[in-house]
Amino acid sequence: MRIVAEHLSYTYNPGSPFASAALRDVSLTIEEGEFFGIIGHTGSGKSTFVQHLNGLLRLPSSQKHYRPKRLKKGQAPPPATVLTVGDFDLTDKKTNFRALRKSVGMVFQYPEYQLFAETVRDDVAFGLKNFSKEKLSDAAIDEAVRAAVEVVGLDYEELKDKSPFELSGGQKRRVAIAGVIVTRPEVLVLDEPAAGLDPLGKREVMELLHKLHREWCKTVVIVSHDMDEISENCTRAAVFADGTVRYVLPPRELFRHAQELTELGLDVPLTAKLTALLQEDGIVVDSDFTTADFCEKVLALWKKRKEGAQ
Amino acid sequence: MKDVSFGQFYPVDSFVHRLDPRLKIVFLIAYIVAIFLASNFYGLAACAAVLLLIMIAARIPFGKVLRAVRAVTFLVLFTTALNVLFYKGETVYWTWKIFCVSFEGIIFSVFLALRLVLLVICSSMLTYTTTPVSLTDGVESLLTPLKWIRIPVHALALVMSIALRMIPVLMDETARIKNAQMARGADFESGNLVKRVKATIPILVPLLLSALRRADELGDAMDARCYTGGNHRTKYKKLRFTWRDLVAFLLVAALIGGVVAMKILLPAPY
Amino acid sequence: MKAIEFEDVSFRYEEEGPFAVRHLNFSVDEGEFVAVLGHNGSGKSTLARLCNGLLTPDEGRIRVFGTLVGDKNLYDVRRNVGVVFQNPDNQTVATIVEDDVAFGAENVGLPREEIGKRIDFALRAVGMEQYRSSAVARLSGGQKQRVAIAGVLALKPRIVILDESTAMLDPRGRREIVDVVTRLNKEEKITVLLITHFMEEALLADRAVVMNRGELVMEGTPRSIFERKDELVTYNLALPRIGVICETLRAGGMQVNYTLDAAALAKEIAECVS
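This is a predicted model, so every value here is computed, not measured.

Novice: So what's going on with the interface of chain B and chain A? Residues and values would help.
Specialist: Contact residues are listed per partner, giving 18 residues for chain B and 21 residues for chain A. Elements with a minimum of two residues in the side of chain B that touches chain A: α7 (153–183) and α9 (201–224) of chain B. Here the side of chain B that touches chain A is composed, by residue class, of 10 nonpolar, four polar and four charged.

Novice: Describe the interface of chain B and chain C, listing the residues and the values that go with them.
Specialist: In this complex, chain B contributes 28 residues to the contact, which on the side of chain C involves 34 residues. Elements represented by at least two residues in the side of chain B that touches chain C include exactly α6 (132–142), α7 and α9 of chain B. Here the element with the most residues in the side of chain B that touches chain C is α9 of chain B; it accounts for eight residues. For the side of chain B that touches chain C, the per-class residue count stands at 13 nonpolar, four polar and 11 charged.

Novice: An account of the pairing of strand β8 (residues 219–224) of chain A is needed here, citing residue identities and associated values.
Specialist: All names here are of chain A. The element β8 is largely enclosed, with a buried count of six among its six residues. The alternating pattern of β8 places T219, V221 and V223 on one face and V220, I222 and S224 on the opposite face, and all of these are buried. Pairing of strand β3 (residues 35–39) with β8 involves five bridges; the strand directions are parallel. Bridging across to β8, F35 finds its partner in V220. Sheet topology note: the strand β7 (residues 187–191)/β8 ladder contains five bridges and is parallel. Residue pairing for β8: L188 is matched across the bridge by V220. Between the parallel elements β7 and β8, the chain passes through helix α8 (residues 199–215) in a crossover that is right-handed.

Novice: So, the sheet that holds strand β6 (residues 81–84) of chain C: which residues are in play, and what are the values?
Specialist: All names here are of chain C. One open sheet holds the six strands; their spatial order is β6-β7-β8-β3-β9-β10, and the pairing between them is mixed. Two strands close off the open sheet at either side, each with one partner strand: β6 and β10 (215–220). The average angle at which neighbouring strand axes cross in this sheet is 20 degrees, direction not considered. By the bridge criterion, five bridges tie strand β7 (residues 159–163) to strand β8 (residues 191–196) in an arrangement that is parallel.

Novice: I'd like a rundown of the sheet that holds strand β5 (residues 88–89) of chain A, residues and numbers included.
Specialist: Residues and elements named next belong to chain A. As summarised here, the arrangement of the four strands in space is β2-β1-β4-β5, forming an open sheet in which the pairing is antiparallel. Whereas interior strands pair on both sides, the edge strands pair on one side only; in this sheet they are β2 (20–30) and β5. Of the strand pairs in this sheet, strand β1 (residues 3–12) and strand β4 (residues 82–85) are connected by four bridges, and their pairing is antiparallel. Paired with V4 across the bridge in β4 is T84.

Novice: Give a description of the nonpolar core that names residues and reports values.
Specialist: Grouped together as the largest cluster of nonpolar side chains are 99 residues, with contacts concentrated most on V124, A178, V189, V221, A237 and V298 of chain A. Apart from residues no more than four positions distant in its own chain, V124 of chain A is found in contact with V145, A148, V149, V175, A178, G179 and V182 of chain A. By size, the runner-up hydrophobic cluster in this structure holds 88 residues, among which are Y236 of chain B together with V83, A137 and I177 of chain C.

Novice: Could you give me a rundown of the pairing of β8 of chain C, with the residues and numbers involved?
Specialist: All names here are of chain C. Of all six residues making up β8, six are buried, and the element is well covered by its neighbours. Side-chain alternation along β8 places T191, L193 and I195 on one buried face and V192, L194 and T196 on a second face that is also buried. Across five bridges, the pairing between strand β3 (residues 33–37) and β8 is parallel. Within β8, the residue paired with F33 across the bridge is V192. This β-α-β element, β7 to helix α6 (residues 171–187) to β8, shows right-handed connectivity.

Novice: Hey, could you go over the packing of helix α1 (residues 21–37) of chain B against α6 of chain B for me, with residue numbers and the actual values?
Specialist: Residues and elements named next belong to chain B. Between α1 and α6, whose axes approach to 8 Å, the crossing angle comes to 75 degrees. When the axis of α1 is compared with that of α6, the two are roughly perpendicular. Packed against α1, whose contacting residues are P21, R22 and I25, the element α6 presents S134, L135, D137, G138, S141 and L142 at the interface. Class assignment of the residues belonging to the contact of α1 with α6 gives a composition of four nonpolar, three polar and two charged.

Reading the values: the criteria
- Residue positions are counted from 1 within each chain, in the order its sequence is given.
- Chain A is the first chain written and ligand 1 is the first ligand written, with later ones labelled in order.
- For a predicted model such as this one, the threshold for reporting local features is a pLDDT of at least 70, and the threshold for listing and counting side-chain atom pairs is 80 or more; totals across whole chains, interfaces and linings nevertheless cover every residue.
- Contact between residues is assigned whenever the C-beta positions, reconstructed from backbone atoms, fall within 7 Å.
- Numbering goes from the N terminus for both helices and strands, where a helix is a DSSP run of H or I of at least four residues and a strand is a run of E of at least two.
- In this count, Pro and Cys sit with the nonpolar residues alongside Ala, Val, Leu, Ile, Met, Phe, Trp and Tyr, while Asp, Glu, Lys and Arg are called charged and the others, Gly among them, polar.
- Comment: burial labels come from other C-beta atoms within 10 Å of the residue's own C-beta, placed from the backbone, where a count of 20 or more is buried, 12 or fewer is exposed, and between is partly exposed.
- A pair of strands is labelled paired if DSSP reports no fewer than 2 bridges between them.
- For a crossover, the right-handed case is the one in which the path from the first strand over the helix to the second runs clockwise, viewed with the strands pointing away from the viewer.
- The angle between two axes is taken between their N-to-C directions and runs from 0 to 180 degrees, where each axis is a line fitted to C-alpha atoms and a helix contributes only its stretch in contact.
- When buried Ala, Val, Leu, Ile, Met, Phe, Trp, Tyr and Cys residues are joined through C-beta atoms within 7 Å, the set is termed a nonpolar core.
- Reported orientations rely on four angle classes, namely roughly parallel under 35 degrees, roughly antiparallel over 145, roughly perpendicular from 65 to 115, and oblique for the rest.

Treat this as a map of the structure, not an account of what it does.
Printed below as a string of structure tokens:
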């Protein structure tokens, strides 16, 4: 499913003294099959944007605030807002938002804090039961839950009757992710999936997301503060600042704007920092900013120079 | 979510905002007494005039005040209707079975309705002009005498203060959990009562667990900062009377005196 | 003088349960900045709670500035050992910044004028003077944690322990906290124990220790610890990215010196390739 947003704006508490514009005229397209990154500070609008993608924030009710009631003479009408996810038109009130939510899975920050059921099986089955039109048989539920629990790398037989609250932190997060992907969404959106984990846990979560991207969900969108995470994993990334989109580029082009990103108060990957420092000495390292590629390119330069010296 | 300030505090700097919260609480009580002492329209007019003065001094926009009244419109209309229909007056306009509409009934109902409206406005003036924290301080200070009969006033005030601090945090948390469960297809809006109550479990369980976890951590953080209860504790913020408090005190004293005087000197029936 | 001394300390949360900390011998000098590394569940947070008597060891002894930590002197120990915890939302008791910073100073019964001075000092030390009358709920995560540090500083402790205080913050918030802590150590001469699983943060410390399953398994300068990469991996930790780049270049045959500073590494590379 392709995600298309054009001229999307959103204001919290419109018309009150606490009104704050969270999105301003955002246009952004995410193609099917991408591993897409969304970067920005807290309050840059990135969370507001992703919450639109499965209709948790609704356009129809808020839209009237951005369109003038009466146009002045000679004034052109503002461009129409477009927001589609596959065939779902999110600007249309009549859209079936439940069907949309089934197709767009959303994993919030610290998802383990949303576990509630008595057993792992019941918790993972929650979404499955909610989204199915007719009552599912126990066997059908078991099969779907088993597949989801196993794909996140846990042992179903061992865990199914355990309370989710007895598990370790890393296991809880996996169970929470299983509870979202169990309905086999086409798009999976994750807000800071690795937050609060130790280095090994972080790496394991990123590996899990790549596995899900290959086998389970066509499109993966992650919101992250960690530039290394973005540069190592994403096909493209969008940079949000003050409710607007500043860049939408693949990492290899995005992090060439190291200086502009730093001016926005954002980090750049270490490889981009080193590339910029080397550039000052007149050395051009043309890498895609992953650690592996950067080292490879540096070593190639070094070998070339060594051969030239001989 | 957290940008919606709790209570109704209206953040401007004014004469009334700067008054000692204890005095404001006492004034509110005194004012309510005055409203109930007023037995005729002259008395109520005096009360209304004082309230108008306070509103201007507090720089609260009229619309804000109306909003407070709007919340109780139904209650006011309902009691007024009952009073009109059941008051047994002498100048009767219309009767039907046990119902009876009379001149005196209408006057009496309007009088009661005005009392109720004044009551609501003056109470909301307290919350508009006093931050939750100073309200807590005021309550703690006024309840101090209860310490003599071994009621833990300090602990109660601390609980109130922590509750006020945690309300925005827990409101955020509720919104987040609700969103997460809605993303998993939870439906909180349809079905009968039983179904709807059951639908809140996926919100309540995580919320309760989170509140317990927070309480635990907060307890540790308080211990780590040497909290041992109210004994030999000092207070950084002392409440102090100023010239403003004196002016306000005289004004309210005059109001009560005036209402009592009118009650005696102007024995009008309404 | 030793600021903290652990003498063969063991602790477990439940009887018969696994030990969270096992036969721990460890000390921190006065004025030192020590980073404690370890994966989630390695026992590093238990360490913080043992230091100020929130937990009592089952075996062994803990001394703070030579005084044995026990039930009778908890109050004095806690005045000397301030602890900042992980969640920025679960440490503040008051709605307004200055009221919260005052809390600890009020608890120990300081006179009013002194509390005022302590608030000035603490808020200045964390760079939050201009937020004195702000509502805590409206601050960013990093700012809330700075207020939490100020609340601890108002007691004028000689040791400050940060128990994963950066774990829930964004990069900007993390940098704010690390800057504040470094300054406190250098300028106010406060002994700092920084418990974290961000390897990069350990680079600023004088010394780093690694915990695994309740035991202290590595100890040394941050640099010497990161040179033992294979060992780190067995404790579920990873090198900071700069370490990975150094490693890879050296493995490829390039003679770069092992460094943890980006500018220094760039210079090394430049010398090799030009």
